[in-house]
Amino acid sequence: MNLIKLPRAALEILVPRFCVLCAGFVDSAHPWPLCDSCAATLAPIVPPACPACGRALISEVGMCVRCRSRDRPYGRVEALYAYAGSAKDLVGAYKFAGRTSLAYFLADVVAQRLRHSFPGRVLIPVPPRPGKRKANGWDQVDVLATILQRRYGIVVMRVLKRRGRSQQKRLNAQERFANAARSYSLIRRAITVPADPVLLDDVITTGATLSACASILRAAGATTVDALALATD
Ligand SMILES: [Zn+2]
Ligand SMILES: [Zn+2]
């Protein structure tokens, strides 16, 4: 038997894949390790949602109470999922457990959302901490951006960089905004930025990162900066 001539489905049987959420076998129709039943348990956020943090609005109108007191330099944020339940497990498996092949699933969902909510817009990935790629071997937002670019033809511009190695997660909200504001910059001065880019990030918590990145892009000439995140916490 010639292995090279085996159809792809047969190869999948030889190399079975297991679902990251339930450990069951995954249908070979998709290139990602997530079964159809678990994918069906992911509850996407449906409008109306807060334009500042992407959370679903239940009884509030316009904007959630948490976001009303703060000015923001970005326009609208959309998040695919609330950071809870199976969506949290999924994003966690992707972010922290190094399940890079989940990027294909997430990129597929992100591409659909971009087409629906931000058609034709240039995507700018939020950059990782310096040294993160070296330490982990990859950066989850950048891997997504690469698939979106290559598989879905979305225009991606990597115009931002991050300095400083401090992690945001140990800081309170006020410290996060101050830290984020000094952590990001353009990759070089006088770079041309798109007029209405969409920032891509993984999980939104306080919005400090989006605010910092959007301020830089606005100062560099962008008129509207929106954002899309995998999840909102
Ligand atoms: Zn499953
Ligand atoms: Zn909000």
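Basis of the calculations
Residues numbered from 1 in each chain as written. Chains lettered and ligands numbered in written order. Predicted model: local features only at pLDDT ≥ 70, side-chain atom pairs only at ≥ 80, totals over all residues. Heavy atoms only, no water. Phe/Tyr/Trp six-rings, centres within 6.5 Å; stacked < 30°, edge-to-face > 60°. Lys NZ or Arg CZ within 6 Å of the ring centre and 35° of its normal. Donors = N, O, S within 2.8 Å, 3.2 Å for Na, K, Ca; no water. Tetrahedral: all angles 85-135°; square planar, octahedral: opposite > 155°, others 65-115°. Buried < 20%, exposed > 50% of the residue type's maximum accessible area, 1.4 Å probe, protein only. 1 Å grid on protein atoms, 1.4 Å probe; cavity = no way out; pocket = protein on both sides within 12 Å on 5 of 7 lines; lining within 4 Å. Points joined across faces, edges and corners; volume = space filled by probe spheres on them. Helix = DSSP H or I, 4+ residues; strand = E, 2+ residues; numbered from the N terminus. Core = buried A, V, L, I, M, F, W, Y, C linked by side-chain atoms within 4.5 Å. Domains from an automatic or database assignment. Contact = heavy atoms within 4.5 Å. Buried area = accessible area lost by both parts, 1.4 Å probe. Polar contact = N/O pair within 3.5 Å; in protein donor to acceptor, adjacent residues only side chain to side chain. Salt bridge = Lys/Arg side-chain N within 4 Å of Asp/Glu carboxyl O.

Draft legend 1. Summary view of the packing of aromatic side chains. Enumeration over the complete set of coordinates arrives at three aromatic pairs. Note on Phe-18 and Phe-25: the rings are 5.1 Å apart at their centroids and 40° apart in plane angle, and the pair reads as tilted. When the ring centre of Phe-177 is taken as origin, the NZ or CZ atom of Arg-70, which lies over that ring, is 3.9 Å away.

Draft legend 2. Summary view of the coordination of the zinc ion (ligand 1). The protein atoms that coordinate the zinc ion (ligand 1) are Cys-19 (SG), Cys-22 (SG), Cys-35 (SG) and Cys-38 (SG), at distances of 2.3 Å. Each of the four donor atoms around the zinc ion (ligand 1) contributes to a set of angles spanning 104 to 116°, which defines the coordination as tetrahedral. Of the residues examined, Cys-19 reaches a relative accessible area of 4% and is grouped as buried. Residue Cys-22 is classed as partly exposed on the basis of its relative accessible area, which comes to 43%.

Draft legend 3. Structural detail: the layout of surface pockets. Considered as a void within the structure, the largest pocket measures approximately 730 Å³ in volume. Lining the largest pocket are 29 residues, and of these Lys-95, Arg-129, Arg-162, Gln-168 and Asp-202 lie nearest its centre. Those elements giving two or more residues to the lining of the largest pocket turn out to be helix H6 (132–136), helix H7 (140–152), strand S5 (198–204) and helix H9 (208–219). For the lining of the largest pocket, the leading source of residues is S5, giving four residues.

Draft legend 4. Region of the structure containing the nonpolar core. If you look at the biggest cluster of nonpolar residues, it comprises 40 residues, and the most contacted ones within it are Leu-34, Phe-105, Leu-114 and Leu-148. Only strand S1 (77–82), helix H4 (85–95), helix H5 (102–117), H7, S5 and strand S6 (226–232) provide two or more residues apiece to this core. Counting residues per element, this core draws most heavily on H5, at nine residues. Three or more residues apiece are contributed to this core by two domains, here domain 1 (1–41) and domain 2 (44–232).

Draft legend 5. Representation of the domain arrangement of the protein chain within the structure. By domain assignment, the protein chain separates into domain 1 (1–41) and domain 2 (44–232). Computed over C-alpha atoms only, the centres of domain 1 and domain 2 are separated by 30 Å. Contacts between domain 1 and domain 2 engage nine residues on the former and 11 residues on the latter. Buried surface at the junction of domain 1 and domain 2, summed over both partners, amounts to about 850 Å²; 76% is from carbon and sulfur atoms. Considering only the surface of domain 1 that becomes buried against domain 2, Val-20, Leu-21 and Trp-32 emerge as the three largest contributors, covering 52% of it. The interface formed by domain 1 and domain 2 includes one residue pair in polar contact (both at pLDDT 80 or more).

Draft legend 6. Broad picture of the pattern of salt bridges. For the coordinates displayed, the defined rule picks out six salt bridges. Between Asp-196 and Arg-121 there is a salt bridge, with the nearest N and O atoms lying 3.3 Å from each other. Here Arg-121 lies in the loop between H5 and strand S2 (123–125) and Asp-196 lies in the loop between strand S4 (184–186) and S5, a separation of 75 residues in the sequence. Of the charged contacts in the structure, one is a salt bridge between Arg-158 and Asp-142, with a shortest N-O distance of 2.6 Å.

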